[in-house]
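# Geometric and topological summary
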Amino acid sequence: MSSSPVPMRCIWSLALWLRTTRMRAGLTQQHVAEASGIYIGMYGRIERAALMPTEATLQRICLVLKLDYQFLVDMVTRGEEPLRH
């Protein structure tokens, strides 16, 4: 993502993508936070759309979730939501 202000719809979309991907992988917030090297509270705030992660943090989260960073950025930018099953 960029250093310019991020539209709120993108923050909500990012939160939805991360939460959905994490839950599908059967991971807890604590697991993702620890494996990403961030505090659990910080990760929870990201999933609640209360905090926009830095690019470096988001890339580490993507690695843990096995989620392609550029794919995620593209989906969030376009406003695409993860498929629900």
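Below: a short report on this structure.

### Overview of the overall build of the protein chain
Broken down by element type, the protein chain carries 5 helices and 0 strands. Helices and strands appear in the protein chain in the N-to-C order α-α-α-α-α. A globule of 85 residues ought to have a C-alpha radius of gyration of about 12 Å, and the protein chain, at 12 Å, matches this closely. Expressed as lengths along the three principal axes of its C-alpha atoms, the size of the protein chain is roughly 30 × 30 × 20 Å. The buried share of the protein chain, reckoned over its 85 residues, is 40%. Accessible area of the protein chain: about 5200 Å², with a carbon and sulfur share of 58%. Computing the positive centroid from 10 side-chain charges and the negative centroid from 7, the protein chain places the two 6 Å apart.

### Description of helix α5 (residues 69–78)
Every buried residue of α5 is accounted for by Y69, L72, V73, M75 and V76. Taken around the axis of α5, the buried residues stretch over an arc of 165°, which confines them to a single face. Here the buried face of α5 lies against α1 (8–24) and α4 (55–65). The N-terminus of α5 is capped by D68, whose side-chain oxygen sits 3.2 Å from the backbone nitrogen of Q70. In the segment just after α5, G79 is the residue with positive phi, at about 80°.

### Focus: the pattern of salt bridges
Under the definition given, this model contains 1 salt bridge. A salt bridge links E47 to R22, with the nearest nitrogen and oxygen atoms 2.6 Å apart. Of this pair, E47 sits in helix α3 (residues 40–47) while R22 sits in helix α1, and the two are 25 residues apart along the sequence. Judged by relative accessible area, which is 2%, E47 ranks as buried.

### What to know about the packing of α1 against α4
Across the interface, α1 lies against α4 with an axial gap of 10 Å and an inter-helix angle of 30°. It follows that α1 is roughly parallel to α4 by the angle criterion. The way α1 lies across α4 gives a crossing that is left-handed. Between α1, through L14, L18, T21 and R22, and α4, the contact on the second element is made entirely by L58, I61 and L65. Residues that form the contact of α1 with α4 fall into these classes: 5 nonpolar, 1 polar and 1 charged.

### Examining α3
Those residues of α3 that fall on the buried side of the exposure criterion are Y43, G44, I46 and E47. Each buried residue of α3 sits inside an arc of 155° when the element is viewed along its axis, so together they form one side. Backbone geometry just after α3 places A49 at a positive phi near 65°.

Procedures and definitions
- Residues numbered from 1 in each chain as written.
- Predicted model: local features only at pLDDT ≥ 70, side-chain atom pairs only at ≥ 80, totals over all residues.
- Heavy atoms only, no water.
- Helix = DSSP H or I, 4+ residues; strand = E, 2+ residues; numbered from the N terminus.
- Rg over C-alpha atoms; globule rule 2.2 N^0.38 Å.
- Buried < 20%, exposed > 50% of the residue type's maximum accessible area, 1.4 Å probe, protein only.
- Areas by Shrake-Rupley, 256 points an atom, 1.4 Å probe, with all protein chains shown as cover.
- Lys, Arg positive; Asp, Glu negative; His and termini not counted.
- Charge placed at Lys NZ, Arg CZ, Asp CG, Glu CD.
- Arc of directions from axis to C-beta.
- Contact = heavy atoms within 4.5 Å.
- Polar contact = N/O pair within 3.5 Å; in protein donor to acceptor, adjacent residues only side chain to side chain.
- Salt bridge = Lys/Arg side-chain N within 4 Å of Asp/Glu carboxyl O.
- Axes fitted to C-alpha atoms, helices over the stretch in contact; angles between N-to-C directions.
- Parallel < 35°, antiparallel > 145°, perpendicular 65-115°, else oblique.
- Left-handed = near helix turned anticlockwise from the far one by under 90°.
- Nonpolar A, V, L, I, M, F, W, Y, C, P; charged D, E, K, R; others polar.

Keep in mind these values describe shape, not function.
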